[in-house]
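Observations on chain architecture
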There are 2 protein chains.
Amino acid sequence: MAVNSPIPVASDLKPVAGIRLGHAEAGIRKANRKDVLVMELAPTATVAGVFTTNRFCAAPVQVCKAHLESSNMQAGPIRALVVNTGNANAGTGDAGLANANKTCEALAALLGCDASQILPFSTGVILEPLPVDRLIAGLPQAIANLQEDNWFAAAEAIMTTDTQPKAASASIVIGGKTVQMTGISKGAGMIKPNMATMLGYLAMDARIAQPVLDHLVKRTADKSFNCITIDGDTSTNDSFMLIATGAGSLEINDVDTPEYAELETAVIALAQKLAHMIIRDGEGATKFITVAVEEGSSVEECRKIAYSIAHSPLVKTAFFASDPNLGRILAAIGYAGVDDLDVSKLNLYLDDVWVARNGGRHPDYKEEDGQRVMKQSEITIRVRLARGNAEATVWTCDLSHDYVSINADYRS
Amino acid sequence: MAVNSPIPVASDLKPVAGIRLGHAEAGIRKANRKDVLVMELAPTATVAGVFTTNRFCAAPVQVCKAHLESSNMQAGPIRALVVNTGNANAGTGDAGLANANKTCEALAALLGCDASQILPFSTGVILEPLPVDRLIAGLPQAIANLQEDNWFAAAEAIMTTDTQPKAASASIVIGGKTVQMTGISKGAGMIKPNMATMLGYLAMDARIAQPVLDHLVKRTADKSFNCITIDGDTSTNDSFMLIATGAGSLEINDVDTPEYAELETAVIALAQKLAHMIIRDGEGATKFITVAVEEGSSVEECRKIAYSIAHSPLVKTAFFASDPNLGRILAAIGYAGVDDLDVSKLNLYLDDVWVARNGGRHPDYKEEDGQRVMKQSEITIRVRLARGNAEATVWTCDLSHDYVSINADYRS
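An unreviewed UniProt entry lists chain A under the name Arginine biosynthesis bifunctional protein ArgJ, with Undibacterium luofuense given as the organism. Its UniProt record gives chain A the following Function (unreviewed entry) comment, quoted word for word: "Catalyzes two activities which are involved in the cyclic version of arginine biosynthesis: the synthesis of N-acetylglutamate from glutamate and acetyl-CoA as the acetyl donor, and of ornithine by transacetylation between N(2)-acetylornithine and glutamate." One UniProt comment on chain A, placed under Sequence similarities (unreviewed entry), says "Belongs to the ArgJ family."

Right, dumping it as structure tokens:
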């Protein structure tokens, strides 16, 4: 079960005017499970995305980037997104690209638009051919059940090793105009997004100019999906998409406005919620850990140290065991690659417990205090570097037997 | 049990003239186990070392560096090394430094030399005060059993979570003169040396000038201990020491000689053997994996990719499960941080099986072939980048349930 993350309630997930969702059981990898999702957009919609930096980026990621670019060049707005699970269509060479394009063509024919107005996404096993015929055969079923009020099923349809669907809604009133937003995400393993999570979609009914949305998607990813890690494995398929349907009353054409600032805050908050859901449901996770590095000389060095802690198998297993073997955190800070770090000024806290002062064990630190915090399911590691004002936060989980079991058994 | 690595036979470990070893049960952390080792050197000996790059380097590492430097400045040769297990004396601040110096002073008084002629080493738990009084109380016992023929016990005395002692001997005849060499090492966890392994000592009876030994220790570390990783955690205490006692007949004063070249080959071979023993006995290891990256444009990028594969929890768990989920290797190559990597030219092999050609699954690749190799206990992953002539090899092990158990339980 996910850490302190109840399963979303379908009725809490609010429709967003201008986007309809439909799903199918196409038998991509296994029978009798939702494995295809279609999201159909109003013609007024703008879409922006960020994608994995993995050089082995999947075929659909390459097609998405090309279609977003041609859409921005006035080829016509993006009209639908299509997602399949069970197969990542990555490491599949030219055949993989052809299959991603075929998928777009098939959906475009059904919706009466151009293939370049479709964005395709895949998630699942790498290096295996996409069963494109089964995927295409499932599309009419997905279109048949397109509904605005279908977010819960949509969240289910993009799950792989996730133990539960991830979705949340929020609304905000800006200048008297209400913006409704709802998002879904999936994660579980191969999670150290470096642009975005494995898959995340956040839709709102505002009308937002493309350059504003392009700015917003980057800002949002950097404060949410780009700050989580489960196992340090950056996926080939990471994608985070922001959709503004244009069906609502709020319109934003400029980032230098108070309206934009208000909206950004709300979007980041919702994206963080979706990103945290991925960590809370990380493969084998039993604890939700916040790593906050403060007083750095740059955000980059704070992130380096935070990720070094969050990726250390020794730190992660100690948290799993609730063992305050906190020297492992110091070791991870020390090898993070900040070459001129003066550890004699460094302070380390576990929640409210001051563990290390000026680089050494705090004289008042007692093992039982560390033990008390380690037993919690939500823990904050705080590092103060005493060399500047920059800071960074990364969210992660522990490393348990179940992580090994899940990944040793996946596919079997 | 370690992977294809029988326990060394005591009688196979040959004495090296000019070095005597003694051990004690000092009760540093637990009673009734060898936890202190003293290595006493002939006055003719030269010593060179490489140490962890971890910014939280332990107090004894700092003292070692200072004493090696002052010894090179003619303060007098290094006369002894002292190692304790059970406590790393790292993250211990000024008190830790004082304790490392006290240890040197106590041993120097017993041996009749200066404290600066002693090199101290510690390994074990970080962030806990060193019980220096118990350590010092154990020194007379260690000195009482100093013997040349004590390498097996020495290897036992430096073990922590190692399941077996690691030691090997070799001899080489250069220009009619025999060089005898014997080494010991320890590892098991927190192993991704970045200068050297957690602890490794290699002694030979040649007489080698200090600048030559300084060169040799770096060359050797870069080809052996600096190419292994278990969990990517670079320890605070990594140290690899090369000792030339000067008691033998071979003398080398210049690296630009055929004698040096012959010696270097032999020393590297023995150091690789000791380094491989650490991987074979890695925490929870069931497989010994060689990652060879070839045809790179630089050694650095080959190492980046090799380490990315060797550190991926998803790759490591797939090897544990003997599951040919080899797309995970492509993903790890893709996120290694080689920004201009053209994956469409890349080839991947698992032993003799050609898995991916030109960035995609090889048309002749069959899952059962991958499966056959994955079931072996020794596996080579070979990546051909098709962008140059550089290459690098890294040795690692798989990630099993036992890794989690060992590290969740260590200290308890």
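The structure having been displayed, the exposition proceeds.
With that settled, the discussion passes to the interface of chain A and chain B. It is common to give the size of an interface as the accessible area that goes away when the parts come together. Contact with chain A, which involves 56 residues of that partner, is made by 56 residues of chain B. Here chain A and chain B share 0 salt bridges between them. Counting every contact that joins chain A to chain B gives 7 residue pairs in polar contact (both at pLDDT 80 or more). Counting only elements with at least two residues in the side of chain A that touches chain B, the list comes to α8 (313-320), α9 (327-334), β15 (360-361) and α11 (401-409) of chain A.

We now examine the packing of α8(A) against α9(A). All names here are of chain A. Close contact between α8 and α9 brings their axes to 9 Å; oriented N to C, the two are set at 160 degrees. Comparing the axis directions of α8 and α9 gives the class roughly antiparallel. For the pair α8 and α9, the sense of crossing is left-handed. For the pair formed by α8 and α9, the contact residues are Leu314, Val315, Thr317, Ala318 and Phe319 on the first element and Arg328, Ile329 and Ala332 on the second. Its residues assigned to classes, the contact of α8 with α9 comprises 6 nonpolar, 1 polar and 1 charged.

For the pair chain A and chain B, the best superposition has an RMSD of 0.0 Å and corresponds to a rotation of 180 degrees with a translation of 0.0 Å parallel to the axis. What we have between these two chains is a two-fold relation. Among all C-alpha atoms of chain A, that of A:His401 lies closest to the rotation axis, at 2.8 Å. Mapped onto chain B, 98% of the interface residues of chain A are again interface residues, and the two copies thus contact each other with one and the same surface.

On to the sheet that holds strand β7 (residues 177-186) of chain A. Residues and elements named next belong to chain A. In space, the 5 strands of this open sheet follow the order β3-β10-β8-β7-β6, with mixed pairing throughout. Two strands bound the open sheet, and with one partner strand each, they are β3 (46-51) and β6 (166-174). Averaged over all adjacent pairs, the angle separating strand axes in this sheet is 15 degrees, with direction ignored. Note: β6 against β7, 9 bridges, orientation antiparallel.

Mapped onto this numbering, the UniProt entry gives "binding site: substrate" (unreviewed entry) at A:Thr160, A:Lys186, A:Thr197, A:Glu283, A:Asn407 and A:Ser412. With respect to the element layout, A:Thr160 can be found in the loop between α4 (151-157) and β6. For A:Asn407, a relative accessible area of 1% puts it in the buried group. Excluding residues that lie within four positions of it along the chain, A:Asn407 makes contacts with A:Glu283, B:Leu314, B:Thr317 and B:Arg328.

Analysis parameters
- Residues numbered from 1 in each chain as written.
- Chains lettered and ligands numbered in written order.
- Predicted model: local features only at pLDDT ≥ 70, side-chain atom pairs only at ≥ 80, totals over all residues.
- Heavy atoms only, no water.
- UniProt positions renumbered as here; feature names shortened; annotations may be inferred.
- Contact = heavy atoms within 4.5 Å.
- Salt bridge = Lys/Arg side-chain N within 4 Å of Asp/Glu carboxyl O.
- Polar contact = N/O pair within 3.5 Å; in protein donor to acceptor, adjacent residues only side chain to side chain.
- Helix = DSSP H or I, 4+ residues; strand = E, 2+ residues; numbered from the N terminus.
- Axes fitted to C-alpha atoms, helices over the stretch in contact; angles between N-to-C directions.
- Parallel < 35°, antiparallel > 145°, perpendicular 65-115°, else oblique.
- Left-handed = near helix turned anticlockwise from the far one by under 90°.
- Nonpolar A, V, L, I, M, F, W, Y, C, P; charged D, E, K, R; others polar.
- Least-squares fit on C-alpha atoms with pLDDT ≥ 70 in both.
- Pairing = 2+ DSSP bridges.
- Buried < 20%, exposed > 50% of the residue type's maximum accessible area, 1.4 Å probe, protein only.

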